[in-house]
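Topology and contacts: notes
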Amino acid sequence: MTYAITQTCCSDATCVSVCPVNCIHPTPEEPDFGRTEMLYIDPKSCIDCGACADACPVEAVFPVDSLPASQQEYGPLNEAYFADRQAEQDPSGPNFHVWGEPSFTRSLPSDFAPLRVAVVGTGPAGMYAAEDLLLHTSAEVTLIDRLPVAGGLIRYGVAPDHLSTKRAGDTFARFHTHPRVRMHLGVEVGRDISPEEIAAHHDAVIYAVGASGGRRLGIPGEDLAGSICATTFVSWYNAHPEVAPDAVDLSTERVVVVGTGNVALDAARILVSDPDALAAGDIAGHALDALRAGSVREVVLLGRRGPEDAAYTRSELLALTHLDGVDLVVDDHDPRTGAAVDAAGPDDRAGLLKGVARETVDWSGPAPAGRRIVFRFHSAPLEALGGVAVGAVRVTDGTNDGTSGREIPGGLLLRAVGRRGLPVPGLPFDEAAGIVPHEGGRVTGRPGTYVVGWIKRGPTGGIGANRTCAAETVGTLLDDAVGGTLPAPEQGAKAFQRLVRRRNRRVVDARGLAEIERTELALGRRDGRPRVKLATVPELVAAARGGRRRIPG
């Protein structure tokens, strides 16, 4: 019996470090690391020890013969990765991959003094940086977040039916109560406290603020009611306190989603899934109510290019094929689509659609009975049509001159064409790239200031990609510390705590965060769900203050 890595793989390589026979690839030292959609286990070398399954933070590793029906494909997928890769044999063992020579990229002097480092942002990037500092140095870490609850993209970006992926947050949560950590949640840089004030109380500051902005389409009608960014939709169904419960109207039968990336597929899946199935996750209560009362039966995914260039991963598309009562259809309006699918090999992206039904969809009428997701490639949005609100989207047909187009009726337009970073108060900003300019994580022209995650490299890579990103930034910071180039802090940790408390009386600390956790889990037990998220800042703050929020029996 061998093991296989499945859909929820976060690629942070924790499993690689514990494998005794080096059978999980690509490793962080290999060129393909960070470029493949997930990691893979070589069935010929796996010795069935289960170390990888125990270490996996997102429960993505299972014995092949125990894979559930919805994940049976992952046994062959893991094996196929090694089909054309000849593994180098270790002469001292029968089938084991060769381990490389150990390398130690950091060397700190024996008298290295403890640092005091502030990390702004408690999502994966910030927490990987904090973890690195806490495990490998004697640094004191101050965690700061503008929301009164920790988690960042894990809490507010991962789809609510991907509970295994969200368990990566459990790995980070153990550091919230670390004796060298101080937590200040609900504190916004630029509003409650300035970058200069944070820097004056710390040896270094790491900004891990992500990419919260959404890219625009640049088409007429984009600002009509019913045209929203997919980041807003994701935040809405994840109970983000800055998105109102009534921000999304689901009274339409058809939704048009621009984009074919994983966020677009997540949105489509949530819109057509059985609400009772979604209730098994931590979807926002207001979103669950809206989905139950809504009318959506069809989601159209628009791809500007062909299926060979679709941005989704194999695992996200496979998840759609296992939705009960939901049909997948490829709109055959353009002959290039079918030709690309038919000619695709098993490892090609277009080949994933070989078993999906094709038809030339008639958009003149209402959505058909049942629920379905339609992939429409070689089709770009030209205009959102309607008086006050979106009533249809005019799109290119692929075979015409690209200007006349065809109308697809629908009352909701989701723009899933990517995220972008927003300016950080007090820091330089590259408007074109949507990042803070840096060198190895060191902010250009700002000694002692660093960036990590999407605000550093742009919105690329999933949760695990932040581990190597954080390692680079922390390495640069430590090099600067050893080299004596960090500015000396003017004030201490207690002075910073007093300053923050004076500026904001609603600050949440680690104890308050634990109270929020207890409250949400208790609400979940009441409703027969894993968790019921508190969806407003007042609710979160009230729960943090000793569970004052009353929980109905």
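The structure we're discussing is the one just above.
First things first, this report covers the structure right here in the doc. These figures come from a predicted structure and were not determined experimentally.

**Points about the overall build of the protein**
- In terms of helices and strands, the protein carries 19 helices and 23 strands.
- The C-alpha atoms of the protein give 24 Å as radius of gyration, which agrees with the globular expectation for 553 residues (24 Å, within 12%).
- With the principal axes as the frame, the protein shows a C-alpha extent of 70 × 65 × 55 Å.
- Per-residue burial for the protein yields a buried fraction of 54% across its 553 residues.
- Within the protein, counting contacts between residues at least 6 apart in sequence, those at least 24 apart form 74% of the total.
- Accessible area of the protein: about 23,900 Å², with a carbon and sulfur share of 50%.
- Within the protein, the 70 negative side-chain charges are centred at a point lying 8 Å from the centre of the 57 positive side-chain charges.

**Digging into the nonpolar core**
- Membership of the largest hydrophobic core comes to 75 residues, with the highest contact counts inside it found for I5, I24, I41, L115 and I206.
- The element that contributes the greatest number of residues to this core is helix α4 (residues 124-136), accounting for 7 residues.
- Aside from chain neighbours lying at most four places away, what touches I5 is C15, I24, M38, L39, Y40, I41, A60, V61, Y74 and N78.
- Among the nonpolar cores identified, the runner-up in size contains 48 residues, and L250, V255, L278 and L317 belong to it.

**Describing unusual backbone geometry**
- Of note, the amide linkage connecting H25 to P26 takes the cis form, showing an omega dihedral of -5°.
- For P26, the position within the fold is in the loop between β2 (24-25) and β3 (40-41).
- Although it is not a glycine, D48 sits at a positive phi angle of roughly 65°.
- Within the secondary structure, D48 is located in the loop between β3 and α2 (51-55).
- Looking at D48, the relative accessible area reads 31%, which means it is partly exposed.

**Here's the deal with the layout of surface pockets**
- Within this model, the second largest pocket holds a volume of roughly 1,400 Å³.
- Looking at the lining of the second largest pocket, the elements with two or more residues in it are α1 (14-18), α4 and α16 (465-482).
- Per-element accounting of the lining of the second largest pocket gives the leading share, 6 residues, to α16.
- For the lining of the second largest pocket, a count of residues per class yields 16 nonpolar, 13 polar and 13 charged.

**Observations regarding the packing of helix α18 (residues 510-527) against helix α19 (residues 537-544)**
- At a closest axis distance of 7 Å, the pairing of α18 and α19 adopts a crossing angle of 105°. Taken together, the axes of α18 and α19 lie roughly perpendicular to each other. Residues G512, E515, I516, T519 and E520 of α18 pack against L540, A543 and A544 of α19.
- Among the residues forming the contact of α18 with α19, the class breakdown is 4 nonpolar, 2 polar and 2 charged.

**Let's talk about the side chain of T14**
- With respect to the element layout, T14 can be found in helix α1.
- For T14, a relative accessible area of 19% puts it in the buried group.
- Only 2.9 Å separates the side chain of T14 from the side chain of D12, close enough to count as a polar contact.
- Separated by 3.2 Å, the side chains of T14 and R467 make a polar contact.
- Setting aside its immediate chain neighbours within four residues, T14 contacts A55, P57 and R467.

Reading guide: rules and limits
- Residues numbered from 1 in each chain as written.
- Predicted model: local features only at pLDDT ≥ 70, side-chain atom pairs only at ≥ 80, totals over all residues.
- Heavy atoms only, no water.
- Helix = DSSP H or I, 4+ residues; strand = E, 2+ residues; numbered from the N terminus.
- Rg over C-alpha atoms; globule rule 2.2 N^0.38 Å.
- Buried < 20%, exposed > 50% of the residue type's maximum accessible area, 1.4 Å probe, protein only.
- Contact = heavy atoms within 4.5 Å.
- Areas by Shrake-Rupley, 256 points an atom, 1.4 Å probe, with all protein chains shown as cover.
- Lys, Arg positive; Asp, Glu negative; His and termini not counted.
- Charge placed at Lys NZ, Arg CZ, Asp CG, Glu CD.
- Core = buried A, V, L, I, M, F, W, Y, C linked by side-chain atoms within 4.5 Å.
- 1 Å grid on protein atoms, 1.4 Å probe; cavity = no way out; pocket = protein on both sides within 12 Å on 5 of 7 lines; lining within 4 Å.
- Points joined across faces, edges and corners; volume = space filled by probe spheres on them.
- Nonpolar A, V, L, I, M, F, W, Y, C, P; charged D, E, K, R; others polar.
- Axes fitted to C-alpha atoms, helices over the stretch in contact; angles between N-to-C directions.
- Parallel < 35°, antiparallel > 145°, perpendicular 65-115°, else oblique.
- Polar contact = N/O pair within 3.5 Å; in protein donor to acceptor, adjacent residues only side chain to side chain.

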